[in-house]
Amino acid sequence: MSALERFAAEVGAEGPVTVVGGRTQWDVGGAVDPAAREVRAPSGVVEFEPAEMTVRCGAGTRVKELDAALGEHGQCVALPAWEGASVGGVLAVGRSGLRRLRLGPVRDALLEARYVSADGRLIKAGGPTVKNVSGFDLCRLLVGSLGTLGFLAEVVLRCRPLPAVSRWFAGEAEPFDLVHRLHQPSSILWDGTTTWVLLEGHPADVEDQARLAGLPEADGPPDLPAGGRVSMRPSSLRSLTGRRATFVAEIGVGVVHTAEPASPVAAAPEVAVLNRRVKQSFDPTGRLNPGRAA
Amino acid sequence: MNEKEPLPLVADLQRALAPDRVRVSPLELELYARDASIIAGRAEVVCFPLTTAEVQAAVRVCRKHGRPFVPRGSGTGLAGGATPIGDPVVIVTTKMTRILEVDADERVAWVEPGVLNLDLSRAVAHLGLHYAPDPSSQQSCSIGGNVATNSGGPHCLLYGVTSAHVLAIEVVLPDGSVAMLGGLDPEPAGYDLRGAFVGSEGTMGIATRIAVRLTPLPPAVRTLLLDFTSVDDAAATVSGIIAAGLVPAALEMMDAEITRAVEAFVHAGFPEDAAAVLLVEVDGLAAGVDAAASVVAEVGRAHGARTVRVAADEAERALLWKGRKSAFGAIARIAPNYYLHDAVVPRTRLVEVMRAVYDIARRHDLVMMNVFHAGDGNLHPLIVFDRRADGVLERVMAAGEEIIQACVAAGGVLSGEHGIGLEKRDYMPLIFSADDLDAQARLREAFDPDGVANPEKVLPAGSRCGDLQKIPEGAWI
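Cut-offs used in this document
- Residues numbered from 1 in each chain as written.
- Chains lettered and ligands numbered in written order.
- Predicted model: local features only at pLDDT ≥ 70, side-chain atom pairs only at ≥ 80, totals over all residues.
- Heavy atoms only, no water.
- Domains from an automatic or database assignment.
- Contact = heavy atoms within 4.5 Å.
- Buried area = accessible area lost by both parts, 1.4 Å probe.
- Salt bridge = Lys/Arg side-chain N within 4 Å of Asp/Glu carboxyl O.
- Polar contact = N/O pair within 3.5 Å; in protein donor to acceptor, adjacent residues only side chain to side chain.
- Nonpolar A, V, L, I, M, F, W, Y, C, P; charged D, E, K, R; others polar.
- 1 Å grid on protein atoms, 1.4 Å probe; cavity = no way out; pocket = protein on both sides within 12 Å on 5 of 7 lines; lining within 4 Å.
- Points joined across faces, edges and corners; volume = space filled by probe spheres on them.
- Helix = DSSP H or I, 4+ residues; strand = E, 2+ residues; numbered from the N terminus.

### What to know about the domain arrangement of chain A
Residue and element names in this part refer to chain A. Looking at the assigned domains, one finds that chain A contains domain 1 (3–162) and domain 2 (165–258). Relative to domain 2, the C-alpha centre of domain 1 lies at a distance of 28 Å. With eight residues of domain 1 in contact, the opposing surface of domain 2 contributes 17 residues. Taking both partners together, domain 1 and domain 2 bury about 1,100 Å²; carbon and sulfur atoms supply 56% of that area. Looking only at domain 1, the three residues that lose the most surface to domain 2 are Leu98, Leu101 and Arg102, adding up to 66% of its buried area. Joining domain 1 to domain 2, the criterion identifies one salt bridge. Across the pair Glu200 and Arg99 runs a salt bridge, and its minimum N-O distance is 2.9 Å. At the junction of domain 1 with domain 2, the criterion picks out four residue pairs in polar contact (both at pLDDT 80 or more). Classifying every residue of the side of domain 1 that touches domain 2 gives two nonpolar, two polar and four charged.

### Focus: the interface of chain B and chain A
Taken together, the 85 residues of chain B in the interface contact 65 residues of chain A. When residues of chain B are sorted by the area they lose upon contact with chain A, Pro186(B), Glu187(B) and Tyr191(B) head the list and together hold 14% of the total. On the surface where chain B and chain A come into contact, there are nine salt bridges. Of the charged contacts, one joins Arg238(A) and Asp105(B) as a salt bridge, the two residues approaching to 2.7 Å between their closest N and O atoms.

### Considering empty space enclosed by the protein
In this structure the tally under the stated criterion is two cavities of 30 Å³ or more. For the largest cavity, the calculated volume is near 40 Å³. If you go around the largest cavity, the residues you meet are Ala36(B), Ser37(B), Ile38(B), Leu78(B), Tyr338(B), Tyr339(B), Leu340(B) and Glu423(B). Class assignment of the residues belonging to the lining of the largest cavity gives a composition of six nonpolar, one polar and one charged. There is about 30 Å³ of room inside the second largest cavity. As for the second largest cavity, its lining consists of Arg233(A), Glu101(B), Asp103(B), Val108(B), Ala109(B), Trp110(B) and Leu184(B). Elements with a minimum of two residues in the lining of the second largest cavity: β5 (99–103) and β6 (108–111) of chain B. Residues that form the lining of the second largest cavity fall into these classes: four nonpolar, no polar and three charged.

Structure below.
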């Protein structure tokens, strides 16, 4: 029996069950019914061909460990490498890291998923190549679904080249102007006073862009307030100007990290109907991560 | 015939839209009986809504009369995704052509589905922006069609395919209701239904308004043309470039036959004695572009490139791209028909798969050309033929099936950018198990429980339950 088959058998077809990754974002989507059995996805790199720029790994693999293995070949994955976070966990939650401005959303990183369905079957979604439109895009549906449609067991991810240099800059600057003045900055953060910029790429280009930004070098990004996370249209971030509460906004992206908890956002009624139908179709008995909702 | 009382279905559609935007003449039905594939079906009636409300009204009329509907854009698809099956109403979105809003600050445009791909890029060029997915048919394909098929294009190697550029979609669902999927904020609540809808080939509803991401034009661009005396060397160069940790903006290959055809057509100075040429583009900031261009040239020379030509200016760059993008026009001069395949293989397997593909054509005594997105392993073997010749169609189809099998055997997938439609529907079991297909059918069912939106497409019959049938009734090849 392979590790995947063992995982599928463990998930089984009956009774409430929950999949545990690194528990770094455990509270997202609400508490899981305490009666749910805990299962863990297989971990470890299964296949990495540097010339393919894709990697196959168990969903339980820690992102940091995966990045370390890829880093030896000058590559990484476009997933947030939070301490202890697992690949399956960050995909299931779907929240991006600070480099989203350049790397794009988490949902674009997943090429193929093998997951365990509510009836305990191993299902393949997507395919291993960097380009693929064979059938419906279940991979994107799974990203951000908080394990309520299926439990990720093994995934194929697109790899990205590691930038030659990666430097943070910070100071007082108008962030909404910078996002247009710079070409593909990796991150622009703003707390209402200070602006942080991450520039990556060829050393000479980073030097040029830094001159354009006119900001001194910094040690790194600020500590992010961990109370809440708000999703706003990038253009509406301007409305935060003058706000007294503590926040760090991702300029050009629209994610705002706040000190106070964020109030939950409900989907529009007609979308909520579709969400319910999707859940009903994939998990008719509601046994996967009961209590949690995407 | 014109005197005849119109069918109640037609009369209702005429009332819902306008009499002149509901067509039933044999000539027009014939026009909409197929897309750019070689599979034909039959439309009962064709209609052209102008607004979301009209699309909604058309779908409701279909439901009232128990008719399926087939959404259709410009009809440039090659997989039969827009081929009407089951006497449906064809709902064409090509008259919904307004660019509704361009927000240069947020780099987002709201467009109607009939806006042509290249028209959008042209409309925002003065803002230093463009719409990155660039199918070769970009002068004639619509953004609604791009959304339906999750289209690609040469520059999707770096920038990603359509799904990476669509933020929100207003959709008329198969029950006639309207929903906004996705959003302009980065993390909309709920499941990524936007992502599920893109590439669903009209089986989950009709997109009526689309918010797309606009991408800044790169400050520096370098376009290189490398030529080789063997296809193997060109293919190995492709793998070598990726292995060097480089993701060019585009990395295209043309073989000897297509290069000659293109050169005769556009006179761009493509070497007519080359066995294969690579068109490589790198973009970004100046120093990075210089470094990347050097790596491309170096890897090419190490693999036996005879010459490395660098486009000196924008005019030369445009000419080289014109050659690449008019490849299919050039083919029309060689034979009246062509059958274009679309499959993806791991890019480290390009050399062996290319050999296998040429071998298949030889065995079936067919003329094959290859012009494709080599950088992401997206092959487009193209068989040119004259369908009037005896038995040629059978050989073309047999070769096609073998090509797909060779790609799948090498770890590839059925389609990179044209979709499954009807053409590849029955090949789906080559890469998906019954359980995998059942999962996809569940998604479709959540959007379209009655199966009225573009029936018989993408999933083989019986994916969820019931019997398997091969080519659906009413279709002929």
